[in-house]
Amino acid sequence: MNIFNLLRIAYLALLRNKLRAFLTMLGIVIGVASVIAMVAIGEGSKQSIHDQLSGMGSNMISVLPSSNLQGGVKIAGSSYQTLTEKDITAIREGSGYVTAVSPIVSSKSQAINGALNWPTTMQGVNPEYLDIRMLTLKDGIAFTDDDVRASAKVCLIGQTVIDNLFPNGDNPIGKIIRFNKIPFQIIGILSPKGQNAFGQDQDDILIAPYTTVQKRILASIYFQNIFASAANEQVIDSATVEITRILRESHRLKPSEDNDFTVRTQAELINTLSSTSSLLTILLTVVSGISLVIGGIGIMNIMYVSVTERTREIGLRMSIGASGKDILLQFLIEAILISVTGGVIGVVLGFLSTWLVTLMLKWPTVVSQSSVMLSFVVCALTGIFFGYYPAQKASRLDPIEALRYE
């Protein structure tokens, strides 16, 4: 019996029990759709993380203060006070790979405009910070080095703060707002950036000269962070080594002492977050794949029922010349047909689910060809694996006993 006749027989057998066949393949449908959707969400989140962090400056380097206690656990955090103005000067004068460097100090408080107020963060930086972070102005001007030296009470404002302090659509340029009871004149509006990879609103911010924030708000000479920009991505590692050497000299650390700072690059952060996202994607995919196993068990169960119901049919086919191999292939093809058909429906449902996730939840998704191809392969293997034993049982029936079966 040729393969086309076996396919036709398998198709007609499934057509006679359409509802049962559909319910059997439902586990496969759900499993495939879940795998495709989960992989798409995982790949989309990885791509989103990479794009957003690269948008912050792919050659950006950050320096954080940390503890260098001997024999203890080193903990990074802004509560440590190790970074000062001399570090900025040392990096700017001593590094050949760094093109821009800016200190970071920040404070959280209420921004007030008349009777309106909004809790936000003010970051104190120098003019180079805008280039390092690839920030642009939608309107107005940026503050200058002269403003930094004069500790001028001027600021740049983000769109979220504007929406809450100027809800009537007034132009905030030139207006005076108060932050921590200190008056600041708005001289520029930052272009909207949206949420970052951590879900934080990048537009909920005020940016002012760091000297102003240090003297008038924090009353501190220390920096909470330092951002630097390497000349290009190829020299990031060299720049990191160079900054580490410069800061060790600036802090007069002995060779036996640990660093009292931590140097990080965007590439490290991207790799760390991507690895975490990949692990979560794998876990979700494994959980989704359980549906495929359940669907396979359903196929095995229904094929056992089918063999029992069609015992006389099997005996009749054998009596007119069908071999055990033909019977084996007949039932195996039925199992594979159920599995693959469920896989096709699952792929369509997976694409639809991914589209709905993007449309309704606004989550980034990327459907990969590998996940679709893998789903088809898994479906075929599931049909073969779970359909083989019932098919083998059918092929081993005794024709005479099968004809006598009631």
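Our subject is the structure that appears above.
Scoring rules and cut-offs
Residues numbered from 1 in each chain as written. Predicted model: local features only at pLDDT ≥ 70, side-chain atom pairs only at ≥ 80, totals over all residues. Heavy atoms only, no water. Helix = DSSP H or I, 4+ residues; strand = E, 2+ residues; numbered from the N terminus. Buried < 20%, exposed > 50% of the residue type's maximum accessible area, 1.4 Å probe, protein only. Phe/Tyr/Trp six-rings, centres within 6.5 Å; stacked < 30°, edge-to-face > 60°.

Asker: Describe unusual backbone geometry, naming the residues involved and giving the relevant values.
Answerer: In this structure, M134 takes a positive phi of about 55° despite not being glycine. Inspection of the secondary structure puts M134 in the loop between α4 (128–132) and β4 (137–140). Positive phi values are uncommon outside glycine, yet N180 reaches one of about 55°. The residue N180 is located in the loop between β6 (176–179) and β7 (182–190) in this model. When its relative accessible area of 34% is taken as the criterion, N180 is described as partly exposed.

Asker: Describe the packing of aromatic side chains, listing the residues and the values that go with them.
Answerer: Inspection of the entire model under this criterion finds 4 aromatic pairs. Seen in terms of ring centroids, Y129 and F227 are 6.1 Å apart; in terms of plane orientation they differ by 15°. Their pairing is stacked. In this pair, Y129 sits in helix α4 while F227 sits in strand β9 (residues 225–230), placing the two residues 98 residues apart along the sequence. Overall, Y129 belongs to the buried group, its relative accessible area being 2%. For F227, a relative accessible area of 12% puts it in the buried group. A centroid spacing of 5.9 Å and a plane angle of 65° characterise the contact between Y304 and Y389, whose relative ring orientation is edge-to-face. A residue pair is termed long-range when its members are at least 10 positions apart, and Y304 in helix α9 (residues 266–309) and Y389 in helix α12 (residues 369–395) qualify at 85 residues. Judged by its relative accessible area of 25%, Y304 falls in the partly exposed class.

These values are about where atoms sit, not about what they do.
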